[in-house]
Amino acid sequence: MRALLTLCYGVLCYAVFFLTFIYAIGFVGDVLVPRSVDRPPAVLAPAMAWFVDLLLLGLFAVQHSGMARAGFKAWLSRWLPPALERSTYVLLSSLALIVLFRWWQPLPGTIWRAEAGWAVGLLYAMSAGGWLLVLSGTFVINHFDLFGLRQVWLDARGQRYTPPPFKQQLYYRLVRHPLMLGFLVAFWATPHMSMGHLLFAAASTGYILVAVKYFEERDLAAAHGDDYRRYQHEVPMLCPWPRPHHGATRPDSSKPSTPRTAH
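Residues numbered from 1 in each chain as written. Predicted model: local features only at pLDDT ≥ 70, side-chain atom pairs only at ≥ 80, totals over all residues. Heavy atoms only, no water.

## Quick look at the packing of aromatic side chains
We describe a pair of aromatic rings using the distance from one ring centre to the other and the angle between the two ring planes. Going by this rule: Any two of the Phe, Tyr and Trp rings considered here, Trp counted by its six-membered ring, make a pair once their centres fall within 6.5 Å; the pair's planes then place it as stacked at under 30 degrees, edge-to-face at over 60, or tilted in between. Secondary structure counts use DSSP, requiring at least four H or I residues in a row for a helix and at least two E residues in a row for a strand, with both numbered from the N terminus. Using a 1.4 Å probe on the protein chains alone, a residue whose accessible area is under 20% of its type maximum counts as buried, one over 50% counts as exposed, and one in between counts as partly exposed. Think of it as a cone above the ring: NZ of Lys or CZ of Arg counts as a charge over the ring if it is within 6 Å of the ring centre and within 35 degrees of the ring normal.
All told, the structure shown has 20 aromatic pairs when counted by the stated rule. Ring centres of Phe27 and Phe101 lie 4.7 Å apart, and the angle between their planes is 40°; on these two criteria the pair is classed as tilted. A residue pair is termed long-range when its members are at least 10 positions apart, and Phe27 in helix 1 (residues 2-29) and Phe101 in helix 4 (residues 82-103) qualify at 74 residues. Phe101 matches Phe27 in its accessibility class, with the two residues each being buried. Here Phe72 and Trp75 contribute two aromatic rings whose centre-to-centre distance is 5.5 Å and whose plane-to-plane angle is 45°, an arrangement assigned as tilted. Taken together, the residues Phe72 and Trp75, both in helix 3 (residues 70-76) and three residues apart, mark about one turn of the helix. Across the ring face of Trp103, the terminal group of Arg102 is positioned such that the distance to the ring centre comes to 5.1 Å. Over the aromatic face of Tyr214 sits the side chain of Lys213, whose NZ or CZ is 5.9 Å from the ring centroid.

Rendered as structure tokens:
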């Protein structure tokens, strides 16, 4: 019975994540959802609307990065079975986003608006490409491990969990964090950049840069040592332009040291 409950919990957490991810596409793109980054108009005064939006973004940042740290995971493992740790992280991250979607206050003002049909289509296509990069990138590392399904499945079958092996392939040969690159493209490629959308995109960009460089990269280097430091030397963090080769050896892709994103 315990194994069945664990599996059901993991599946439920994944379902909440998947629906939240789909809604996030509509929220950022302002399409097919009742509440988006630009709609409906804010019910608060402009100063209070800014405060609420920054508070919501900060809440998500603290939850998303705080729960990903090793110290918090160790604390959580005292209260939850290890198989449920990732699913719980996924669930709470999704709930933090749902809170943001529900209480986000659109801000008036337009930074830019594309008028030509080809420009509108191009920007929507770029945004869709960013979301596709995010989703497909999870499968390059291990989609089901990243969102907790593999952990609960192995636990239900009585098998021991082992981290997925390192796979420096496809996008991960070009940038170390292709999922974050996909988010950046999706957030900024829009035919209508409102003040509220600009706040969302700029704050999210700042969070991604700080969280990846000062938290996740340090955790990965500490966990995987010289392999990850060589990977840092050879492959850019977010911008996929080539680096000069200085004779460093690529990390051994057969070693079980996957730099799984914690965010």
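## Some points on the environment of Met195
We count it as follows: The contact criterion used is simple: two residues touch if any of their non-hydrogen atoms lie within 4.5 Å.
Turning to its location among the elements, Met195 is positioned in helix 9 (residues 195-224). In sequence terms Met195 and Pro106 are 89 residues apart; their C-alpha atoms lie 8.0 Å from each other. If sequence neighbours within four positions are ignored, Met195 has contacts with Trp50, Leu107, Pro108, Gly109 and Ile111.

## Description of helix 5 (residues 117-141)
Let me state the cut-off plainly: A helix is expected to reach a length of 1.5 Å times the quantity of its residues less one.
If you check helix 5, its first and last C-alpha atoms are 37 Å apart, about what 25 residues at 1.5 Å a residue would give, namely 36 Å. Those residues of helix 5 that fall on the buried side of the exposure criterion are Ala119, Leu123, Ser127, Gly130, Trp131, Leu133, Val134, Gly137, Thr138, Val140 and Ile141. Where helix 5 is buried, its residues meet helix 1, helix 6 (143-146) and helix 8 (178-188).

## So, helix 1
Between its first and last C-alpha atoms helix 1 spans 41 Å; for 28 residues at 1.5 Å apiece the expected length is 40 Å, and the two agree. Where helix 1 is buried, its residues touch helix 4, helix 5, helix 6, helix 7 (149-156), helix 8 and helix 9. Looking at the residues trailing helix 1, positive phi occurs at Asp30, about 60°.

## Observations concerning the nonpolar core
Our working rule: Residues enter a nonpolar core if they are buried and are Ala, Val, Leu, Ile, Met, Phe, Trp, Tyr or Cys, with the set joined through side-chain atoms within 4.5 Å.
Judged by nonpolar contacts, the single largest core of 46 residues is most densely connected at Phe27, Leu100, Trp104, Trp131, Phe187, Phe200 and Ile208. Residue assignment for this core shows that the elements contributing at least two residues are helix 1, helix 2 (46-66), helix 4, helix 5, helix 8, helix 9 and helix 10 (226-234). The greatest single-element share of this core, amounting to nine residues, is contributed by helix 9. Those residues within four positions of Ile208 in sequence are excluded, and the remaining contacts are Met180, Phe183, Leu184 and Leu238.

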